[in-house]
Every structure is written in structure tokens, then in C-alpha cells.
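Letter by letter, the chains look like this.
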Amino acid sequence: MFKTSLTLSSIMVAAISGSLLTHPLLAKEDETSLPKLQLAPHLTVSGLSSGGYFAAQFHLAFANEVKGAAILAAGPVYCAKNDLMQALGNCMNQPTATPDLPAINQYLATQQAAGKLAPATALADSKVWLFSGSADATVLPQVSTALYQQYQQWIPKEALRFINDQPFAHHFPTKQAGFTACDKSESPFIASCNYDASGQLLSHLLGAIKPPASQASGQLVKLQQHQLAPAAAGELAAEGYLYIPESCASGAACRLHISFHGCKQDVSQVGDAYIRHTGLNEYADTNQLVILYPQVEKSAMAPFNPNGCWDWWGYSGEHYATIDGPQLKAVKQLVEALR
């Protein structure tokens, strides 16, 4: 287990005021210490697009701890096989895209046997929620279907749900007004679809949940990712975000959910849209959930990550989809630091 001499009480984070962040500049913040959190040992994850690919990677790597995964608009784990050309040709929007599931799954089985992923048996008590818009022209439906087929080998039928009958484009669908049209895939990739994806995924992963708050009232704090997680240096943005409901800040037992943004969706590119407007925070308030929003941003070496994507094709190294993957290590360290 990762250990650090840095304690949470010594890591200073900035509490963001109740007003919305502005883009590209953030609102002025006051400095405060992160409250001591009482987090359950098991957690859940979700993500959109590259964040969806990464959420599934995190699930397979740490399935002893991760007991639920919700993945929107992504294909099978290790679809790219450490090859950008494979990623572009078989894992996104090419009409002929055909993920090589036999080869992919053999690689994953080898990594599981070697202890570089959690054992397959650890996945059996997970719940998985998958979403693919039928009008998605960025990650085609047949690619997301391959992810569903992949999960069928590990997850019991009743615990696995695949939503593929909504005519949505490539984005995070919400009930909130004022965002992009549901048939468009445009920045900030949050859409007004009269569809509550956050409620749908949380109810599947967690069981019966309470209705969301009418307005989020918790605290959104800025985390110094490089200080909390040494593996984050050079891999993640300097700062990430954590949403803490009042009850959790006051010491109530709470569960942790990690939400991974998609490409072109980090704070440097869309301001606070993803960390405030998917609907997750409103559910967090009424269901004692703490939401971690880790951040990755454009690489200084633009050809490798020009859009601020999570690594699902190998730009951080060949072991990106195993416990040795630099970004997986970094997020795991963030989780451990929060506890």
C-alpha cells in the first residue's frame, strides 16, 4: 500500500465558493484543510469516453476494492492493445471498427494470472452499467457492444446492464436545461436530453437511492494531486476536485465515487461544466457520497495527448492498463490519501 509522510491535515486545498467557476479563470478561492472523511472500504467509478475507458481499466485493476463501474461511450478494456493505430481503427468511429476481443481478453487473462490486474473472481460481485447512444459518431455502438460482450465473461447477468436504445450523440446525457442538444456532440459534452444518466447509473451501482437535492449544497474542494499522489507528477494535472456533502464533511460514514471526465473535458478546457453539471453532486448530497473528480490535461508533448484524454491506448507506457500503469497508480494513490 502506498504510504506518504504527507497527512491530509497538512495538504492544503482550496474551497471553491458557491458561485460557479469561470472559464478560463477560476473564481477566487479561500484556503482550507480537507475534512477528515469516513469512507467505506469499497467504492464505485464512472466515466465518459476516454474517462469511460479509464474507469473500466481502474475497475479491472482494483476490483477487490471497486465494486461498481458505469461506463458511457467507450469500448473494451485494452481495445487499443498499446497501439494508437489500433485505437483509431478499431476502438472509435471507423465503420469497420472491430475490437479483437479474443486477443484482448487473452492479454487481460495473462495480466490477471500475473497479479497485474485483480483476479477475475474479484469482478464477480461487481455491478456494471454501460451506456451507448445509438447516434454516437465518436465511439460507434458496435465498439461499446464489444465492451458489453467483454464484461459478460466476468459479471453475472443480473448485475450487468447495457443501455443502447437512446438516440443520443457522444456526451453525458442529463435532465439539466441549457446545455447542448442531445443529437449534438459539442463542448462541454454535457447534453440536455431529459435523461438522468447520473441517477440511472447510481441506482444500478448502489441499489435504492434517494432522489437528488434540488441544488447541490456541499463543498467542492481543489486537491493538489501531485502532493497527494507522487505518481501523479507528469501524468495528471496539478489539481483535481472533490465534492463533499455537508453530512460527509461532518463525519458521517460515506461512500466514494470516482468520476472520470472525457477528452477535452477537464477544467482547463471546459471550466466547471463536468465537475458541477452531470447531476452526480445533487445525488451525492442526499445519498452520502463523496465524488472525486481527478483531472488529466493536455500533455506538454502534444502529439501524445493533445486533447486531455485519460490514457487508454498507451501514451503513458505499455503497462497503462495494469496496476503498473502510471495514471492508474496515481488515482489509486489519491484514493488512499483521502482515507
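The structure presented is a predicted model; accordingly, all values stated were derived computationally and were not measured.

Caption draft 1: Fine view of the state of the cysteines. For the structure shown, the criterion picks out four disulfides. Between the sulfur of Cys79 and that of Cys91 lies a disulfide, 2.1 Å long from S to S. Between Cys79 and Cys91, the disulfide has an S-S torsion of -100° and is therefore left-handed. Of this pair, Cys79 sits in the loop between β4 (66–72) and α2 (84–90) while Cys91 sits in the loop between α2 and α3 (101–113), and the two are twelve residues apart along the sequence. With a relative accessible area of 2%, Cys79 lands in the buried category. Cys91 sits in the buried class, given a relative accessible area of 0%. A sulfur-sulfur distance of 2.1 Å marks the disulfide that ties Cys248 to Cys254.

Caption draft 2: Quick look at the environment of Val270. Tracing the sequence through the fold places Val270 in helix α8 (residues 267–270). Separated by 83 residues in the primary sequence, Val270 and Ser187 place their C-alpha atoms 7.2 Å from one another.

Caption draft 3: Seen up close, the nonpolar core. Of all hydrophobic cores here, the largest spans 73 residues; its most connected members are Phe58, Tyr151, Leu242 and Ile258. Not counting residues within four places of it along the chain, the set of residues in contact with Phe58 comprises Leu43, Val45, Val66, Ile258, Phe260, Leu328, Val331 and Lys332. Judged by nonpolar contacts, the second largest core, of 31 residues, contains Phe131, Cys193, Ala197 and Val267.

Caption draft 4: Here's a closer look at a nonpolar patch on the surface. Judged by side-chain polarity, Leu84, Met85 and Leu88 come together as a nonpolar surface patch covering roughly 300 Å² of accessible area. As for its placement among the helices and strands, Met85 is situated in helix α2.

Caption draft 5: Fine view of the pairing of strand β11 (residues 239–244). The buried fraction of β11 is high, at five of six residues. Bridging between strand β10 (residues 219–224) and β11 involves six bridges; their strand directions are antiparallel. Bridge pairing links Val221 to Leu242 in β11. Direction of pairing for β11 relative to strand β13 (residues 289–293): antiparallel, over a ladder of three bridges. The residue of β13 that forms the bridge with Tyr243 is Ile291.

Caption draft 6: A look at α3. Between its first and last C-alpha, α3 extends 18 Å over 13 residues, near the 18 Å set by a 1.5 Å rise per residue. Looking one or two residues past α3, Gly115 carries a phi angle of roughly 80°, positive in sign.

Caption draft 7: Quick peek at the pattern of salt bridges. The final tally for this structure, using the stated rule, is eight salt bridges. With a closest N to O distance of 3.0 Å, Asp324 and Lys116 form a salt bridge. Taken together, the residues Asp324 in the loop between β13 and α11 (326–338) and Lys116 in the loop between α3 and β5 (127–131) connect sequence positions 208 residues apart. Its salt-bridge partner being Lys222, residue Glu239 comes within 3.7 Å of it at the nearest N-O pair. Placement of the pair is Glu239 in strand β11 and Lys222 in strand β10, with a sequence separation of 17 residues. Each of Glu65, Lys332, Glu336 and Arg339 takes part in one network of salt bridges that share partners.

Caption draft 8: Layout of the packing of aromatic side chains. Applying the stated criterion across every chain, the model contains 18 aromatic pairs. Both rings, one in Tyr78 and one in Tyr320, keep their centres 5.8 Å apart while their planes meet at 25°; by these two values the pair is stacked. Of this pair, Tyr78 sits in the loop between β4 and α2 while Tyr320 sits in the loop between β13 and α11, and the two are 242 residues apart along the sequence. Of the two residues examined, Tyr78 and Tyr320, each falls in the buried class. Geometrically, the ring pair formed by Trp313 and Tyr315 is tilted, given 5.1 Å between the ring centres and 55° between the ring planes. Under the relative-accessibility criterion, Trp313 is labelled buried at 12%. Taken together, the aromatic side chains of Phe54, Phe58, Phe62, Phe260 and Trp310 make up a single cluster linked through ring pairs. Over the aromatic face of Phe62 sits the side chain of Lys332, whose NZ or CZ is 5.4 Å from the ring centroid.

Parameters and conventions
- Residues numbered from 1 in each chain as written.
- Predicted model: local features only at pLDDT ≥ 70, side-chain atom pairs only at ≥ 80, totals over all residues.
- Heavy atoms only, no water.
- Disulfide = S-S within 2.5 Å.
- Helix = DSSP H or I, 4+ residues; strand = E, 2+ residues; numbered from the N terminus.
- Buried < 20%, exposed > 50% of the residue type's maximum accessible area, 1.4 Å probe, protein only.
- Core = buried A, V, L, I, M, F, W, Y, C linked by side-chain atoms within 4.5 Å.
- Contact = heavy atoms within 4.5 Å.
- Patch = residues over 30% accessible without salt bridge, like charges linked within 9 Å, V, L, I, M, F, W, Y side chains within 5 Å.
- Areas by Shrake-Rupley, 256 points an atom, 1.4 Å probe, with all protein chains shown as cover.
- Salt bridge = Lys/Arg side-chain N within 4 Å of Asp/Glu carboxyl O.
- Pairing = 2+ DSSP bridges.
- Expected span 1.5 Å × (residues − 1).
- Phe/Tyr/Trp six-rings, centres within 6.5 Å; stacked < 30°, edge-to-face > 60°.
- Lys NZ or Arg CZ within 6 Å of the ring centre and 35° of its normal.

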